[in-house]
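Here is what each chain is made of, one letter per residue.
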Amino acid sequence: MSSFEGKLVHGNGNHNILYEAISLDRFDGDNLKSSLYWLSHAHCDHMKGLESHELTKHLISNPGVKIYCTDITKKLLRHMKGYQHLHRHLVTLLINEPTLVLIPVNDQSQGVCITLTAMSAGHCPGSAMLLIEGADGTVLYTGDFRLDKGAASLLPALHDSFGGVKKVDHLYCDTTFLTRKTMNIVSRAECEEEIVEQVKSHISRGNNYHVVLKTKAKLGYENVYRILYERFRMKTHVRAEDAEVYSGIPEINEIVTLDNRTQVHTCWRSVQGGGLQDKNAAGLVSHGGCDTLNRPGVEVKVIHLSTMWFALTENKHTSVKVDSDTVRCCYSFHSSYSEIEDFIRYINPCYAYPNVLPMDATMEQTQHLLNSFLSKRADDASPELCQTNSWKSVHEIDSWWIAEKRSTNNTGFSSPKKPKLENEDNGSEQSTPTGSREATPELSLWSDSSDLENETPADAD
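Calculation notes
Residues numbered from 1 in each chain as written. Predicted model: local features only at pLDDT ≥ 70, side-chain atom pairs only at ≥ 80, totals over all residues. Heavy atoms only, no water. Axes fitted to C-alpha atoms, helices over the stretch in contact; angles between N-to-C directions. Helix = DSSP H or I, 4+ residues; strand = E, 2+ residues; numbered from the N terminus. Parallel < 35°, antiparallel > 145°, perpendicular 65-115°, else oblique. Left-handed = near helix turned anticlockwise from the far one by under 90°. Contact = heavy atoms within 4.5 Å. Nonpolar A, V, L, I, M, F, W, Y, C, P; charged D, E, K, R; others polar. Phe/Tyr/Trp six-rings, centres within 6.5 Å; stacked < 30°, edge-to-face > 60°. Buried < 20%, exposed > 50% of the residue type's maximum accessible area, 1.4 Å probe, protein only. Pairing = 2+ DSSP bridges. Salt bridge = Lys/Arg side-chain N within 4 Å of Asp/Glu carboxyl O. Polar contact = N/O pair within 3.5 Å; in protein donor to acceptor, adjacent residues only side chain to side chain.

Some thoughts on the packing of helix α3 (residues 188-203) against helix α4 (residues 222-232)
Working step 1: α4 packs onto α3 with a crossing angle of 50° between their chain directions and a minimal axis gap of 10 Å. Classified by the angle between their axes, α3 and α4 sit oblique to one another. For the pair α3 and α4, the sense of crossing is right-handed. Listed contacts from α4 to Glu192, Glu193, Ile195, Val196, Val199, Lys200 and Ile203 of α3 are Asn223, Val224, Ile227, Leu228, Arg231 and Phe232.
Working step 2: Looking at the contact of α3 with α4 residue by residue, the class counts come to eight nonpolar, one polar and four charged.

Quick look at the structure:
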């Protein structure tokens, strides 16, 4: 659950605010005075105040104020109840495409120019980190993220044309699992293979054998649906409201269904106190009127996808059998302790700050851990000195949401791009007012794995 309050507070004693006109992932309170907003992804703990009348009034009264996000996030919001009215106020950023943006400032008629670059966060459909470059220095805000060790070396926006790591002054980092109980977390690829085997062992017994994917998040496990569709040519039954959200993204929409005759379901809810152990008509009833799971003779297997249970029990396995027809599988959307450390040590920012309060920790303890990952960095370090990792020529992050396809030079990185003006014509349909642009991102939905959720209360199940 995000603890970030929207402003880039410089916590080095003075508590100054960097880029004071910008708010990230918060749209309430003092953030309603901001002139530019960033929405990293469509999870509810990063959308506080987004649906409010106060924000809408602020946007309408100040036409130059926009909410920046990725194209996928914009499409999701267009089909989410309570957010459709924001469509004309959303401006999309292309992944790894520097964009020169003018921040409207009340007391400066010309405003302030900054460069914004979105890059893969590996967390969910549309999720992205944001790199801000301007007069207040270089800031990287991760939002929520999960990147494998070494993945930072594959992010072109973090490197110059020689392959050297850019100097990052301030890093605001997802610290959800910055705890020794989650030093290492099973990769999503491993867990997905385990889920496939669990599903296969059950549905192969006959047409009356059905599987329920028990997920804490309202949305969030789309890559699992994709893999099951590819392996078994079987779509996942979802609720009508979820199907509506997916309808704007063909790559997801084609692997889910409202037809409850399929053998894979994620349309459940527990009633009358029925918990995970209750898998009968009294305890497991799907949303949207699905009655297949309650029919006589239907055998239901529940696969509970979670992370927090494995963390709390310090269980290192990919899956744990609960009973004859219930199993838990570890599936995380956030980086582990070791992955966070690897990311920070690679970037080596001047300062790093936590975005999330981890379990069984204080902010002071979390800040101390982040500080321990930092090392003194010479401002005049040459690109060669920054190259501490072996470079790879394949720009594919361990995230199925975003797979960059680009030509590279002999360093393994494409030449740096000149920032585009936000109103520069890119040939795409204009669905937002003058000064903004609607663009098709340079990404593929199908590369590896991640999640999307509307969590209640948090995605760290």
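Here the narrative resumes.
Observations concerning the packing of aromatic side chains
Working step 1: Counted according to the given criterion, the structure contains 11 aromatic pairs.
Working step 2: Between Phe27 and Tyr37, the ring centres sit 5.5 Å apart and the planes meet at 35°, which makes this aromatic pair tilted. You can see Phe27 sitting in the loop between β3 (22-24) and β4 (36-38) and its partner Tyr37 sitting in strand β4, a full 10 residues away along the chain. Comparing Phe27 with Tyr37 shows no difference in burial state: the two are buried.
Working step 3: Ring centres 4.7 Å apart and planes at 35° place the aromatic pair Tyr172 and Tyr353 in the tilted group. With Tyr172 in strand β11 (residues 170-173) and Tyr353 in strand β21 (residues 351-354), this pair connects stretches of sequence that are 181 residues apart.

Quick look at the packing of helix α8 (residues 337-347) against helix α9 (residues 363-373)
For any two helices packed against each other, one specifies the inter-axial angle together with the distance between the axes.
Working step 1: One way to put it is that α8 packs onto α9 with a least axis distance of 9 Å and a crossing angle of 50°. Put simply, α8 runs oblique to α9. α9 is crossed by α8, and the crossing has right-handed handedness. Contacts between α8 and α9 involve Tyr337, Glu341, Ile344 and Arg345 from the first element and Leu369, Leu370, Ser372 and Phe373 from the second.
Working step 2: Tallied by class, the residues present in the contact of α8 with α9 amount to five nonpolar, one polar and two charged.

So, the environment of Gly29
Working step 1: Relative to the assigned elements, Gly29 resides in the loop between β3 and β4.
Working step 2: With a relative accessible area of 53%, Gly29 lands in the exposed category.
Working step 3: Between the C-alpha atom of Gly29 and that of Glu5, which follows or precedes it by 24 residues, the distance is 9.3 Å.

As for unusual backbone geometry
Working step 1: At Tyr19, a position not held by glycine, the phi torsion is positive, near 45°.
Working step 2: With respect to the helices and strands, Tyr19 occurs in the loop between β2 (16-18) and β3.
Working step 3: Residue Tyr19 is classed as buried on the basis of its relative accessible area, which comes to 6%.
Working step 4: In this structure, Asp25 takes a positive phi of about 60° despite not being glycine.
Working step 5: Tracing the chain through its elements places Asp25 in the loop between β3 and β4.
Working step 6: Since its relative accessible area comes to 1%, Asp25 is described here as buried.

Concerning the sheet that holds strand β13 (residues 236-237)
Working step 1: Strand order across the open sheet formed by seven strands is β14-β13-β15-β12-β18-β20-β19, with mixed pairing between neighbours. Two strands lie at the open edges of the sheet, namely β14 (256-257) and β19 (319-323), each paired on one side alone.
Working step 2: By the bridge criterion, two bridges tie β13 to strand β15 (residues 264-265) in an arrangement that is parallel. Looking at the pairing, Thr236 lines up with Val264 of β15.
Working step 3: Contacts from α3 reach β12 (209-215), β15, β18 (299-306), β19 and β20 (326-330) within the one sheet, and its direction differs from that of β18 by about 170°.
Working step 4: Strands in contact with α4 are β12, β13, β14 and β15; relative to β12, the strand with the most contacts, it is inclined by about 160°.

Considering helix α2 (residues 71-78)
Working step 1: Taken across its eight residues, α2 has six buried, putting it largely inside the fold.
Working step 2: Every buried residue belonging to α2 is among Asp71, Ile72, Thr73, Lys74, Leu76 and Leu77, and all of these are buried.
Working step 3: Of the surrounding secondary structure, the elements contacted by the buried residues of α2 are β5 (66-69), β6 (90-92) and α5 (240-246).

Comments concerning the pairing of strand β10 (residues 137-141)
Working step 1: Taken across its five residues, β10 has five buried, putting it largely inside the fold.
Working step 2: Neither face of β10 is exposed, since Gly137, Val139 and Tyr141 on one face and Thr138 and Leu140 on the opposite face are all buried.
Working step 3: Of the pairings in the sheet, the one linking strand β9 (residues 128-134) to β10 comprises five bridges and is antiparallel in character. The residue bridging Ile132 from the neighbouring strand is Val139, located in β10.
Working step 4: Two successive antiparallel strands, β9 and β10, enclose a turn made up of two residues.
Working step 5: Pairing between β10 and β11: three bridges, direction parallel. Counted as the bridge partner of Val139 is His170 from β11.

Points about the pattern of salt bridges
Working step 1: Inspection of the entire model under this criterion finds 12 salt bridges.
Working step 2: In this structure, Asp291 and Arg295 form a salt bridge, with 3.5 Å as the shortest nitrogen-oxygen distance.
Working step 3: On the basis of relative accessibility, which here comes to 41%, the residue Arg295 falls in the partly exposed class.

Overview of the environment of Ser319
Working step 1: Relative to the assigned elements, Ser319 resides in strand β19.
Working step 2: Dropping the residues within four chain positions of it, Ser319 is found in contact with Glu194, Gln198, Phe310, Val327, Arg328 and Cys329.
Working step 3: A distance of 2.8 Å separates a polar atom in the side chain of Ser319 from a polar atom in the side chain of Glu194.

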